[in-house]
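Here is how the chains run, residue by residue.
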Amino acid sequence: MAGTAGTPGTPRVLRAMNDRAALDLLLEHGPLSRTRIGKLTGLSKPTASQLLARLEAAGLVLAGGTTEGRPGPGAQLYEVNPAAAYAAGLDVTPGRILAAVADATGRTVGRHELPTPGRRAATPVVQQVTDALDGAVKAAGLARTDVHRLVIGTPGAFDPGTGRLRYASHLPGWHSPALLDELAAALPMPVEYENDVNLAAVAEQRLGAARDHEDFVLLWNQEGLGAALVLGGRLHRGWTGGAGEVGFLPVPGAPLVRKVSRTGSGGFQELAGSQALPGLARELGVTDVPPGSHPEVAAALVARAAQADDDPHRRLLQTYATRLATGLASLVSVLDPELVVLSGTSLTAGGEALRDLVQDELEELAASRPRLAVADVTEHPVLRGALESALATTRDEVFDTSR
């Protein structure tokens, strides 16, 4: 087994690598015996015993129950200590901030939803963030200082060159050039910021339909229409953080919109965004379009169209699929991904019926023919991705026994 650069093969490095391998196995499989850990890592029984004793002394693993149902006494089982570390995530939209705290195993132990004020309200963003985080921390029975890292997901992206939020004019109060410094001063833990759709892609890559895929696109349609690009296993964010802002993409069938960053609209968003679906449904003869805000109405319309057997609903689902494939054709022609994941309520509501139609249309419109899949992570995917992102870095820090 090789060591790290600069200290190849040193006993400390080798021990740390074995420790991390065992911890990752416990995270993947749950409680394991010493014998099973030894077999999975290739370590001898004495070495596996020393490893587990070391991790237990460091507070990283706990001795739990025993194996049962086999001849002889049950073997001791070991598991990752949930209290070894905590990480937090925030999912920010114009209407609310959803916060959660997860333990080292990834289990959510506290959650809090904070409705956010409108554009004219005076509550500072820093207070909104700390209030939402504190609510989740309190629900978990913890203190703010127990949280090792926080990842905040927002629409748009913070430009790494200026530190200002771009591509999210609809998120009031988040555009101050001093915001990141103010948040850093107010919070006792490292804070990272990520685009919300990118975090949905992280959730799918770690837990859902994109597991074991190095190159994929996640198409998101909910409050807005966007995409996340994963190339070579890593998120591609672009020079200003704006990679994947496909709502602005000019597409056939929609008016050419100029100065899209000022108007907040664009071709693909106008053609296939969730706000377009109620009007499209009425044009195609759907008479019972429900009232309400466009993400919920769009999801209800798509779900109904995927199940209904009348002509207006069939036409709605087919037309929607064609519009989605029109924008996707440009993306896959440039990126040639292995997989496209359909995520966000205005896409997942259509299930396999919508997926099949988009797949068929895309094969007619693009030379590249990636496989399409419906997202598996449908319960708060942005928040789940924020937690997974925060946990990944936290585990790298806390599970490092070489120091």
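Keep in mind it's a predicted model, so treat the numbers as computed, not measured.

A. Quick look at the pairing of strand 4 (residues 86-92). Burial within strand 4 is extensive, with 7 of its 7 residues counted as buried. Because side chains alternate across strand 4, one face comprises the buried residues Tyr86, Ala88, Leu90 and Val92, and the other comprises Ala87, Gly89 and Asp91, equally buried. Both strand 4 and strand 5 (residues 96-103) contribute to a ladder of 7 bridges, which runs antiparallel. From the neighbouring strand, Leu90 faces strand 5, where its bridge partner is Ala99. In this structure, the hairpin formed by strand 4 and strand 5 is closed by a connection of 3 residues. Bridge count between strand 4 and strand 7 (residues 147-154): 6 bridges; the pairing is parallel. Each bridged residue has a counterpart across the sheet, and for Gly89 the counterpart in strand 7 is Val151.

B. Highlighting the environment of Leu142. Relative to the assigned elements, Leu142 resides in the loop between helix 4 (125-139) and strand 7. Through-space distance from the C-alpha of Leu142 to that of Gly110 is 9.0 Å; in sequence the pair is 32 residues apart.

C. Structural detail: the nonpolar core. Leu219, Leu277, Leu301, Leu316, Leu324, Leu354 and Val358 are the most contacted members of the largest nonpolar core, which totals 42 residues. Contributing elements (two or more residues each) for this core: strand 11 (216-221), strand 12 (225-231), helix 8 (267-272), helix 9 (277-283), helix 10 (294-307), helix 11 (311-335), strand 14 (339-343) and helix 13 (351-365). With 10 residues, helix 11 is the largest single contributor of residues to this core. The residues contacting Val358, other than those within four sequence positions of it, are Ala321, Leu324, Ala325, Leu328 and Leu372.

D. The arrangement of the confidence of the model for the protein in detail. The predicted model of the protein averages 91 in pLDDT, with 93% of residues at 70 or higher. The model gives residues 1-6 a pLDDT under 50, and that stretch makes 10 contacts with residues more than four places away or in other chains.

E. Summary view of the pattern of salt bridges. Counted according to the given criterion, the structure contains 17 salt bridges. Of the charged contacts, one joins Arg111 and Glu379 as a salt bridge, the two residues approaching to 3.8 Å between their closest N and O atoms. Of this pair, Arg111 sits in strand 6 (residues 108-115) while Glu379 is found in the loop between strand 15 (371-374) and helix 14 (381-398), placing the two residues 268 residues apart along the sequence. In this structure Arg111 comes out as partly exposed when scored by relative accessible area, which is 38%. For Glu379, a relative accessible area of 57% translates into the label exposed. Here Asp311 ties to Arg314 by a salt bridge, and the two come within 2.2 Å at their closest N and O atoms. On the criterion of helical spacing, the pair formed by Asp311 and Arg314 is a turn pair, its members being 3 residues apart in helix 11. The class of Asp311 is partly exposed, set by a relative accessible area of 41%. What makes Arg314 partly exposed here is its relative accessible area of 38%.

F. Representation of the environment of Gln269 in the model. By the element assignment, Gln269 lies in helix 8. Since its relative accessible area comes to 12%, Gln269 is described here as buried. Measuring from C-alpha to C-alpha, the distance between Gln269 and Val61 comes to 48 Å, with 208 residues separating the pair along the chain. Contacts of Gln269, omitting those with residues within four sequence positions, involve Gly224, Leu225, Gly247, Ser274 and Gln275. Separated by 2.8 Å, the side chain of Gln269 and the backbone nitrogen of Leu225 make a polar contact.

G. Spatial organisation of helix 11. With 25 residues, helix 11 should reach 36 Å at 1.5 Å per residue; the first-to-last C-alpha distance of 35 Å fits that figure. Approximately 30° is the largest bend angle found in helix 11, and it occurs at Leu328. Once helix 11 ends, the next one or two residues include Asp336, with phi positive near 50°.

H. Just the sheet that holds strand 15, in detail. As summarised here, the arrangement of the 5 strands in space is 13-12-11-14-15, forming an open sheet in which the pairing is mixed. Every interior strand has two partners, whereas the edge strands, strand 13 (234-235) and strand 15, have only one. Taken together, the 5 bridges between strand 11 and strand 14 define a ladder with parallel strand orientation. Residue Leu219 lies in a different strand from strand 14, and its bridge partner there is Leu342. Against the sheet, helix 11 engages strand 11, strand 12 and strand 14, with an angle of about 150° to strand 11. Lying over the sheet, helix 13 contacts strand 14 and strand 15, oriented at roughly 160° with respect to strand 15.

I. Looking closely at the packing of helix 2 (residues 34-41) against helix 3 (residues 45-57). Two numbers describe how helix 2 lies on helix 3: the axes approach to 9 Å, and their chain directions differ by 110°. Judged by the inter-axis angle, helix 2 sits roughly perpendicular to helix 3. Considering the relative orientation of helix 2 and helix 3, their crossing is right-handed. Only Lys45, Ala48, Ser49 and Leu52 of helix 3 make contact with helix 2, whose side of the interface consists of Arg34, Thr35, Ile37 and Gly38. Here the contact of helix 2 with helix 3 is built from residues that sort into 3 nonpolar, 3 polar and 2 charged.

Quick notes on the rules
Residues numbered from 1 in each chain as written. Predicted model: local features only at pLDDT ≥ 70, side-chain atom pairs only at ≥ 80, totals over all residues. Heavy atoms only, no water. Buried < 20%, exposed > 50% of the residue type's maximum accessible area, 1.4 Å probe, protein only. Helix = DSSP H or I, 4+ residues; strand = E, 2+ residues; numbered from the N terminus. Pairing = 2+ DSSP bridges. Core = buried A, V, L, I, M, F, W, Y, C linked by side-chain atoms within 4.5 Å. Contact = heavy atoms within 4.5 Å. pLDDT = per-residue confidence, 0-100. Salt bridge = Lys/Arg side-chain N within 4 Å of Asp/Glu carboxyl O. Polar contact = N/O pair within 3.5 Å; in protein donor to acceptor, adjacent residues only side chain to side chain. Expected span 1.5 Å × (residues − 1). Bend = angle between axes of the 7 residues up to and from the residue. Axes fitted to C-alpha atoms, helices over the stretch in contact; angles between N-to-C directions. Parallel < 35°, antiparallel > 145°, perpendicular 65-115°, else oblique. Left-handed = near helix turned anticlockwise from the far one by under 90°. Nonpolar A, V, L, I, M, F, W, Y, C, P; charged D, E, K, R; others polar.

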